[in-house]
Amino acid sequence: MARITRDEVLHVARLARLELSDDEVAKFQEQLSDILEAVSKVSELDLADVPPTAHPLEIANAWAEDEPRPCLELGEVFANAPDREDDHFRTPPA
Amino acid sequence: MIETLTLTAERAVRLLEAKEISGAELYAAYLDAIGERDPDLHAFLHVCDDPGGDGLPLAVKDVIGTKGIPTTAGSKILENYVPVYDATVIVNAKRHGLRIIGKTNTDEFAMGSSTENSAYGPSRNPWDPSRVPGGSGGGSAAAVSGGLAPWALGSDTGGSIKQPAALCGHVGLRPTYGTVSRYGVVAFASSLDQVGPVAKNVRDCAYLYSVIAGRDANDSTTVDVPEVAFPTADDLNGVRIGVPKEMNGAEGIEPGVTAAVERAIELAESLGASVEECSLPKSVDYGVACYYLVAPAEASANLARYDGVRYGLREDGADFREMVMRTRDAGFGDEPKRRIMVGTYALSSGYYDAYYGTAQKVRTVIKREHDELFRRFDVLVSPTSPTVAFPLGAKVHDPLAMYMNDLLTIPSCMAGLPGLNIPCGLSEGLPVGLQLVGAQFAENTLFRVGHALELALDFNVVPARYRT
């Protein structure tokens, strides 16, 4: 199997919103190649007629009554917030 | 003098009911044990003062949210996070009067098999502190084996309750998927994550399971659970035990582990069980590859929530995107980053079908193989871990070698099945774990078999170096 390129590592890191250092990019290029090669073993099997399993229980739907319940107080909602302005989470500009 | 190393939860309840000890004395005895032994073991990330009451203390893995008590998941990104609500399992534990004595160490976001991926440093094995206690729930395991708590809660995605229980020599249950609520638990891989009990013996384990199990309106994957039957029988008459040859003959299983497991299987036969070899041809061969696609893919989605906006770490950035990327780079350690990268790659455009889609089909193959065996058998047995506890640092630079620790615990996790570890002997002076896997919702069968075997094995759960 082809090794992962440096550009692919940077592309995936951008998708995952990770700012990696140069050392990390080099290390993950090696390690991701090894790991993906190992897990590619799944493609050896003939799976033509096999349906996928997303979840080990056969539950189709879980219904609940649509009843209002109390929610967290605003003080609790913001208790762990890094930054806040009034009743909003404050972030740097998009 | 309360000897926490030998005291079972069941015995502690009797002593409390008979007023031979008070709730305050009991709690203090565990705090003393923590003061004495936790500097060596580093089982706890946070220790709590006695909240009062007569319930038993409970150690809680630090991925389980506890109102007003820091919950870090072993990560710097949650270093100062204090939940404002309790996880459902904590609500249930408190309803039974249990007192949270502390939060136990874990590999970061429960990703690992040794606790060496904890951002707060590794825990150590009570049998030999130069060795790992297993992971990710090594803190809960070290706490129970070290007599720092009568029992504990863990979480298990691919073996994080069973494998540390094996390496530290006590009992751990990964319950059937859907039996225990994950509401309020830090999510790793949602189609696999389960919360479960860690205890000194099977009856304590069954009791703690009965406390936490049940349908929860806040977790729509939970279902109604059969009532727990506390095991009493000392025989195994009528029990059909399957011995999957691939699970027992896999490459990398240490000879001392095989020997201890074979002795336990012979003992089971002498207790009246029928024992027959069987086969899981694809589950062992493809389980690890399947798991290390499915779990990282789900983790990459679950860990997207750590963006520095609502809670957790925030690093400065000129704009929103830069803030998010710097926060995640600074907050996540090596292993979460590696799994986020693998998972994001496996889910990315052009690769989804080849990796994640294929892994989900392999998961069906694994599930069907197990379903087939449970038509003929009540329990499948094997070693829990291929090896006894390994030295700290031995595998830390080789992710793929570390992943192979989960070889024997992963297949049943992928199939959503319950698995129980009980200690079955020593190899090179270190505990060997026996894995009992049951059909969906067959926890009571595991308790029965585990209890009868435990009585016959008579394993001393007190680490040899602590015996007086």
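Visitor: Can you lay out the overall build of chain A for me, pointing to particular residues and giving the numbers?
Guide: Summing up its helical and strand segments, chain A has 3 helices and 2 strands in all. Sequence-ordered secondary structure for chain A, helices as α and strands as β, is α-α-α-β-β. The C-alpha atoms of chain A give a radius of gyration of 22 Å, which is well past the 12 Å a tight globule of 94 residues would have. C-alpha extents for chain A along the principal axes are approximately 55 × 45 × 20 Å.

Visitor: Mind laying out the pairing of strand 2 (residues 57–61) of chain B, listing which residues take part and the relevant values?
Guide: Residue and element names in this part refer to chain B. Judged by how many residues are buried, strand 2 sits mostly within the fold: 5 of 5 residues are covered. Here strand 2 pairs with strand 3 (residues 99–104) via 5 bridges, running parallel. For Val 60, the partnering residue across the bridge sits in strand 3 and is Lys 103. Considered for its hand, the β-α-β crossover made up of strand 2, helix 3 (residues 88–95) and strand 3 is right-handed.

Visitor: With reference to specific residues and values, describe the sheet that holds strand 4 (residues 151–156) of chain B.
Guide: Residues and elements named next belong to chain B. Taken in spatial order, the 11 strands line up as 1-3-2-4-6-5-10-11-9-7-8 in an open sheet, and their pairing is mixed. Among the strands making up the open sheet, the edge pair consists of strand 1 (44–47) and strand 8 (274–278). Pairwise comparison of adjacent strand axes, ignoring direction, gives a mean angle of 30 degrees for this sheet. Of the strand pairs in this sheet, strand 10 (residues 419–427) and strand 11 (residues 430–438) are connected by 8 bridges, and their pairing is antiparallel. Opposite Ser 427, over in strand 11, you have Leu 430 as the bridge partner.

Visitor: Tell me about the environment of Glu 298 of chain B, residues and numbers included.
Guide: All names here are of chain B. Residue position: Glu 298 is located in helix 9 (residues 283–302). Overall, Glu 298 belongs to the buried group, with 23 C-beta atoms counted inside 10 Å. Spatially, the C-alpha atom of Glu 298 lies 9.1 Å from that of Thr 344, the residues being 46 residues apart in sequence. Discounting residues that sit within four places of it in the chain, Glu 298 has contacts with Ala 189, Ser 190 and Ser 191.

Visitor: Account for unusual backbone geometry, with residues named and values stated.
Guide: Residue and element names in this part refer to chain B. In this structure, the amide linkage connecting Gly 135 to the following residue, Ser 136, adopts the cis form with an omega of 5 degrees. Topologically, Ser 136 is positioned in the loop between strand 3 and helix 4 (138–145). Although it is not a glycine, Lys 19 adopts a positive phi angle of roughly 60 degrees. Counting through the fold element by element, Lys 19 comes out in the loop between helix 1 (9–17) and helix 2 (23–41). Non-glycine residue Phe 441 carries a positive phi angle of around 65 degrees. Assignment of secondary structure puts Phe 441 in the loop between strand 11 and helix 15 (443–457).

Rules and cut-offs
- Residues numbered from 1 in each chain as written.
- Chains lettered and ligands numbered in written order.
- Predicted model: local features only at pLDDT ≥ 70, side-chain atom pairs only at ≥ 80, totals over all residues.
- Helix = DSSP H or I, 4+ residues; strand = E, 2+ residues; numbered from the N terminus.
- Rg over C-alpha atoms; globule rule 2.2 N^0.38 Å.
- Buried ≥ 20, exposed ≤ 12 C-beta atoms within 10 Å, placed from the backbone.
- Pairing = 2+ DSSP bridges.
- Right-handed = clockwise from strand over helix to strand, strands pointing away.
- Axes fitted to C-alpha atoms, helices over the stretch in contact; angles between N-to-C directions.
- Contact = placed C-beta atoms within 7 Å.

Function cannot be inferred from these measures alone, as they are strictly geometric.
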